[in-house]
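Okay, here's what each chain looks like letter by letter:
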Amino acid sequence: MAAAVWRLVLLAVLALSVVARRSSADTYESKFGLCSRSVNDDDDDEYYPYNTKAGPVAGKLNVHFVAHTHDDVGWLKTVDQYYVGSNNSIQFAAVQYIIGSVVDSLLKNPDRKFIYVEQAFFQRWWRVQTKQLQKKVKKLVESGQLEFINGGWCMHDEATTHYVDMIDQTTLGHRYIKKQFDVVPRIGWQIDPFGHSAVQAYLLGAEVGFDAVFFGRADYQDKLKRQQTRSLEFIWRGSSSLGSSAQIFGGLLAHHYSAPEEFRFDLRSTSPLIQDDPLLYDYNVEERVELLVQLAQEQAKQIRTNHIMWTMGEDFSYEYAETWFQQMDKLIHYVNKDGRVNILYSTPSIYLDAKHAANETWPLKEDDFFPYADCPHCYWTGYFTSRPSLKRYVRKLSGVLLAARQLEFIVGKNESGPNTDALEDAMAIVQHHDGVSGTERQHVADDYAKRLSIGAAEAADVINTALTRLVSGNKPSSAESLKFELCFHLNVSYCPPSEADLSGEKTLVLVAYNSLAWSRQEMIRIPVTSSSVTVTDSDGHPIPSQIVPLSSTARLLREKHLRSHGGVKSGEGSLHYLVFEASVPPLGYRTFHIRPSVPGALQSAQLSSVEEYSAGAGHVQLESRGALVQVSRETGRIQKMKNMKTGVIADVEQSYCWYNASDGNTFENQGQASGAYIFRPNTSTCFPVESPNGAVQLKVIRGPLVEEVHQTFSHWISQVVRLYNDADHAEIEFTIGPIPINDGLGKEVVTKLSSNFSSDGEFYTDSNGRDFLKRVRNYRSDWTLNVTEEVAGNYYPLNLGIYLSDKDKDFSVLVDRAVGGASLKDGELEVMLHRRLLIDDGRGVSDILNETVCTGEPEVCEGLTVQGVYYLQASSKTEAPKWRRSYGQEILSPLQLSFTVLESAKENVGPALEFSLVASDYSLPPNVALITLQELEDDEILFRLAHLYQVGEDKTLSAVASVDTQALFGKRRIDKIEELTLTANQKKSDVEPLKWTVEGEENLLHPKRGRKHDKHEVLVELAPMEIRTFVATFKD
Ligand SMILES: [Zn+2]
């Protein structure tokens, strides 16, 4: 055929096909009611023939489409890799494109809505957008198309986080949102964390001003019952003290946090798309409409009111947002046309308002949702302890951040640095539910640690610079010559300035900063190389001190770590600990001088006596003014404790043992292995750790300030039992690792404390370091528990501690980091301290929790050794709460020790050897803590006061407390203080909580609250467990 003829034929075919398309579009419109929106007039937007305008419709079942993406702030990839979209061989995920693509899609259709959660990502994106796009995004936020939900830096974990860190990370996000968009998030969105805490509900929920909190995970037995009783949604009162005054609407999502399986529309999803073009094959509109209506009606049977939510999203979904929005546009259009149910673009706020408007009554939920199990042998209680070193690092830096922020306020923040911003950011990121939880890949854990370390170095600069300025009386010349230094490696007995050779006229100067707003007496323990030293306080008076030998384990640990830093030195045999008691004023410091002295001089540090015992009959006894501890010579175990202050005696047996982590491969195990998330022992037996020849060598150290027993249970577990002279508790410093795995068995190591107390199945564990909640072995208050895992199913997260009671006495353990704990027998407590596993537990991380440390040249790698401390007390029921609360604060906020060495006796550090911000005759009441003191922009100071006691916890300290804020700030004259909600993004007085009707409740009790605050008042009242947040401005 000639070319010309070809061309003619082709033209004719094209003309026909245009006609065909037009006519099919007409039928299409009439058949399915496609609307002729104005967008149809614009050829570019021809795609838009769908009516997506729906709002809630009374009398119909409303399906709220909540379009969302769940973006982990680190998990399989690091936070930056997730943001950028790099390292895609691990996981396809690129948050920068998700946010960009969602914004584009929202701009295309004003009916579409989306929620965004993690500010760590959003802020990374926002700061590199053009002004024009920022303007458009602001409009999307203003119109409600884009809504910030949760709004913290990350979606924090709820088991292994401390409430102060949770508040900090949420505040960071909320203040950005307020500043950039002038909006306040209304809804908590904790969709992925593995169990939910009481503190999350009442503190990080109600007290933030949230109207609701939604989440995706609850125990499978609990969820089933809630489905059957239409109790997936409820009124949650997490605090027994604050009750209905801090309640929140709670919602357990129906489909985890995903869309129903058949309606997932990511690029890589396999759900059938809505094919509504009759000219193409596989047209399926009726079929898709039918299925959606069916699923919605099924779901509605489990839910009160005629509003249900569909969470339209997944992990890192919406990278190409149109795939979701186009499908949702079609669904809304066709299903609403069908008319049996009504779908709308919604957000959790719109959904909640619809629930509220329905005037329904709701079931009541108290306490928390721990532990979480997703099947009979799958208790997510392993992560309470996973990565114990990271957990400790986070807790330690929480104390550093608190102190650094205070000093930043005292001397004035340096905006251009060094400042605390980097540590604030790193701490906020690591609170993520795959961060401090320990459920991230190894390289991600390393990334968190690196960020923390960079932030900590800068915060240390802040502390050192501030202390130099304060001590030297702000003399620039001294500030230049003095170089104060913090020691971050005291846990491995390493501190270069304190180890300085103090020969001649040299003086070691130590400034101890107290971030508590009470004065405190505390033993300081630092490594020194000379045993002939004298310690003087800031008045120049010599104070008692003691030289204590390092345990052999401490020495080994130190050498191992120094080797990895290339700093191993020979002849370190002369290293000792110097112990002395420091008395430090509130929010202030005291300076101590350590100088060489003549051996044996009266004021010189006293050498400890050392006794060594091999196995034998009887016991050795440590004794102080506060307590007495007996250690069996036969077993090496603690066998008795006596509290000298209260007279309470406890027969205690302290031991170490390990659970054999299930490998999931046997029939009996039904496929579930122990892993980063899950704790699944192979049997309920905890195998004892004994020394190879059955005998434990004891080394007993005695002296005027401290007595210690050093003992080694095996080549991988040793401990020091320490009794300071005034303390009525014992300190147990444990060193565990490398956990041997050459027998092919994963191990989960616990310390068991068996007492003769009758606890009747009951024990108490804290919620995020705040309220103590009652636990009952093999029991749940919300449903009849079918016990399938008698060990793992009784584990609870600890951040402050665990205790049990016997009539008028308590046996308590306080911890130095997040760990898991349980009481599996009456009188017995156990705490899991370390885990090393050989198999992944199949919950997504696909990485084996087998932490190793590589040191030396050539590099040698071995399992991680964990060192830490827990604290043990037997006391009366009336005294124990005081110890748990006050000492708990000291553990959380340790003294920050800053060192410098003066070369000659002529030098001095300055005139101001002592300082306290607080007025000289004032200290916070013993039941109140200052948990935040932070300089914000515009000379505003953020501070928070926390009542430390629950209702009924202590006879006198559970009363309403009153704080004189002017005295707290000493010489700084307060201009005004204004009360804000917990995350400091709105005035407290502007918050009007929604009212709800609780099933069966006739008379609502009104829990106690501190008196309403007026901005010119300096007195602030706090009711039990109340935290109040203020912004202050000062006259000077
Ligand atoms: Zn997640």
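Quick caveat, the model's predicted, so the values are computed rather than measured.

(A) Looking closely at the overall build of the protein. Along the backbone of the protein there are 18 helices and 50 strands. When its C-alpha atoms are laid out on the principal axes, the protein stretches across 115 × 75 × 70 Å. Taking all 1036 residues of the protein together, the buried fraction comes to 61%. Considering only contacts within the protein whose residues lie at least 6 apart along the sequence, 75% involve residues at least 24 apart.

(B) Local environment of the pairing of strand 38 (residues 828-836). In terms of burial, strand 38 is largely enclosed, as 9 of its 9 residues are buried. Bridge count between strand 31 (residues 747-755) and strand 38: 8 bridges; the pairing is antiparallel. Considered in strand 38, the bridge of lysine 752 is made with glutamate 830. Summarising the sheet, strand 37 (residues 819-822) and strand 38 pair through 3 bridges and their orientation is antiparallel. Its bridge partner lying in strand 38, alanine 822 is registered against glutamate 830.

(C) Quick look at the state of the cysteines. Counted according to the given criterion, the structure contains 4 disulfides. At a sulfur-sulfur separation of 1.7 Å, the disulfide partner of cysteine 375 is cysteine 378. Across the disulfide from cysteine 375 to cysteine 378, rotation about the S-S bond amounts to roughly -45 degrees, and the bridge is consequently left-handed. At a sulfur-sulfur separation of 2.1 Å, the disulfide partner of cysteine 657 is cysteine 686. Between cysteine 657 and cysteine 686, the disulfide has an S-S torsion of 95 degrees and is therefore right-handed. One end of the pair, cysteine 657, is in strand 25 (residues 649-660); the other, cysteine 686, is in the loop between strand 25 and strand 26 (687-688), and 29 residues separate them in sequence.

(D) The confidence of the model for the protein, seen in detail. Summarising the model, the protein shows a mean pLDDT of 92, and 93% of its residues fall at 70 or more. Long-range and interchain partners of residues 35-43, a stretch whose pLDDT sits below 50, account for 17 contacts in this model, where long-range means more than four residues apart.

(E) Region of interest: the nonpolar core. If you look at the biggest cluster of nonpolar residues, it comprises 241 residues, and the most contacted ones within it are Trp189, Tyr318 and Leu945. By residue number, the principal contributor to this core is helix 14 (residues 442-471), which donates 12 residues. Counting residues in hydrophobic clusters, the runner-up holds 23 residues, among them Leu508, Ala582, Phe592 and Leu897.

(F) Main features of the UniProt feature "domain: Glycoside hydrolase family 38 central" (unreviewed entry) in the protein. Residues annotated in UniProt with the feature "domain: Glycoside hydrolase family 38 central" (unreviewed entry) correspond here to residues 378-452. Annotated as residues 378-452, this span is 60% helix and 0% strand, and its ends, taken at the C-alpha atoms, are 32 Å apart.

(G) Looking closely at the coordination of the zinc ion. Binding of the zinc ion to the protein goes through His70 (NE2), Asp72 (OD), Asp192 (OD) and His433 (NE2), at separations of 2.1 Å. Seen from the zinc ion, its 4 donor atoms lie at angles of 90 to 161 degrees, and the figure they make is irregular. Read in sequence order, the donor residues coordinating the zinc ion give the pattern H-x1-D-x119-D-x240-H. In this pair, aspartate 72 sits in the loop between strand 1 (61-67) and helix 2 (79-84) while aspartate 192 sits in the loop between strand 4 (187-190) and helix 7 (198-202), placing the two residues 120 residues apart along the sequence.

(H) Molecular detail of the packing of aromatic side chains. A complete count under the given rule lists 56 aromatic pairs for this structure. With 5.0 Å between their ring centres and 85 degrees between their planes, phenylalanine 249 and tryptophan 362 make a pair best called edge-to-face. Of this pair, phenylalanine 249 sits in strand 7 (residues 247-252) while tryptophan 362 sits in strand 10 (residues 361-362), placing them 113 residues apart in sequence. In terms of burial, phenylalanine 249 and tryptophan 362 fall into one category: buried. For the ring pair phenylalanine 734 and tyrosine 870, a centre distance of 6.2 Å and an interplane angle of 35 degrees mean the geometry is tilted. On the criterion of sequence distance, the pair formed by phenylalanine 734 in strand 30 (residues 730-736) and tyrosine 870 in strand 41 (residues 866-876) is long-range, its members being 136 residues apart. Judged on exposure class, the residue phenylalanine 734 and its partner tyrosine 870 are both buried.

(I) Layout of helix 8 (residues 220-228). Inspection of helix 8 places Gln221, Asp222, Lys223 and Arg226 among the buried residues, and these make up the whole buried set. One side-chain oxygen of the residue at the start of helix 8 lies 2.7 Å from the amide nitrogen of glutamine 221, identifying that residue as aspartate 219. Note on helix 8: the residue one or two positions beyond its end, arginine 230, has a positive phi of about 50 degrees.

(J) Broad picture of the packing of helix 3 (residues 95-108) against helix 4 (residues 119-126). Taken N-terminus to C-terminus, the directions of helix 3 and helix 4 make an angle of 75 degrees; their axes are 10 Å apart at the nearest point. Judged by the angle between their axes, helix 3 and helix 4 are roughly perpendicular. Contacts from Val95, Gln96, Ile99, Gly100 and Val103 of helix 3 reach helix 4 at Phe121, Phe122 and Trp125. Along the lines of polarity and charge, the residues of the contact of helix 3 with helix 4 split into 6 nonpolar, 2 polar and no charged.

(K) Structural view of unusual backbone geometry. Of note, the amide linkage connecting phenylalanine 370 to proline 371 takes the cis form, showing an omega dihedral of -10 degrees. Along the chain, proline 371 falls in the loop between strand 11 (364-366) and helix 12 (388-411). The omega torsion across glycine 737 and proline 738 is -10 degrees, close enough to zero to call that bond cis. Here proline 738 is to be found in the loop between strand 30 and strand 31.

(L) The arrangement of the sheet that holds strand 5 (residues 212-215) in detail. Overall, mixed pairing links the 5 strands, which are arranged 4-5-7-6-11 in an open sheet. What marks the edges here is a single partner per strand, and that holds for strand 4 and strand 11. Geometrically, the sheet is characterised by an average inter-axis angle of 30 degrees between neighbouring strands, direction not taken into account. Relative to strand 11, strand 6 (residues 233-237) is paired through 3 bridges, and the arrangement is parallel. In the strand pairing of strand 11, isoleucine 235 is matched with leucine 364. The sheet strands contacting helix 11 (residues 348-357) are strand 4, strand 5, strand 6 and strand 7, and the helix crosses strand 4 at an angle near 115 degrees.

(M) Spatial organisation of the sheet that holds strand 9 (residues 341-346). One open sheet accounts for 3 strands, arranged 8-1-9; its pairing is parallel. In this open sheet, the two strands that pair with only one neighbour each are strand 8 (307-312) and strand 9. Taking the axes of each pair of neighbouring strands and ignoring which way they run, one obtains an average angle of 25 degrees across the sheet. With 6 bridges connecting them, strand 1 and strand 8 associate as parallel partners. The partner of histidine 64 across the bridge, within strand 8, is methionine 309. Running over the sheet, helix 10 (residues 322-338) touches strand 1, strand 8 and strand 9 and is turned about 150 degrees from strand 9. In this fold helix 11 packs onto strand 1, strand 8 and strand 9, with an angle of close to 170 degrees to the strand it touches most, strand 8.

(N) Broad picture of the environment of glutamate 287. In this fold, glutamate 287 is placed in helix 9 (residues 285-300). C-alpha separation for the pair glutamate 287 and isoleucine 274, spaced 13 residues apart in sequence, amounts to 9.1 Å.

(O) Structural context of the side chain of threonine 323. Mapped onto the elements of the fold, threonine 323 is located in helix 10. Under the relative-accessibility criterion, threonine 323 is labelled buried at 16%. Only 2.8 Å separates the side chain of threonine 323 from the backbone oxygen of tyrosine 320, close enough to count as a polar contact. Excluding residues that lie within four positions of it along the chain, threonine 323 makes contacts with Phe265, Asp266 and Leu267.

Calculation rules
Residues numbered from 1 in each chain as written. Predicted model: local features only at pLDDT ≥ 70, side-chain atom pairs only at ≥ 80, totals over all residues. Heavy atoms only, no water. Helix = DSSP H or I, 4+ residues; strand = E, 2+ residues; numbered from the N terminus. Buried < 20%, exposed > 50% of the residue type's maximum accessible area, 1.4 Å probe, protein only. Contact = heavy atoms within 4.5 Å. Pairing = 2+ DSSP bridges. Disulfide = S-S within 2.5 Å. pLDDT = per-residue confidence, 0-100. Core = buried A, V, L, I, M, F, W, Y, C linked by side-chain atoms within 4.5 Å. UniProt positions renumbered as here; feature names shortened; annotations may be inferred. Donors = N, O, S within 2.8 Å, 3.2 Å for Na, K, Ca; no water. Tetrahedral: all angles 85-135°; square planar, octahedral: opposite > 155°, others 65-115°. Phe/Tyr/Trp six-rings, centres within 6.5 Å; stacked < 30°, edge-to-face > 60°. Polar contact = N/O pair within 3.5 Å; in protein donor to acceptor, adjacent residues only side chain to side chain. Axes fitted to C-alpha atoms, helices over the stretch in contact; angles between N-to-C directions. Parallel < 35°, antiparallel > 145°, perpendicular 65-115°, else oblique. Nonpolar A, V, L, I, M, F, W, Y, C, P; charged D, E, K, R; others polar.

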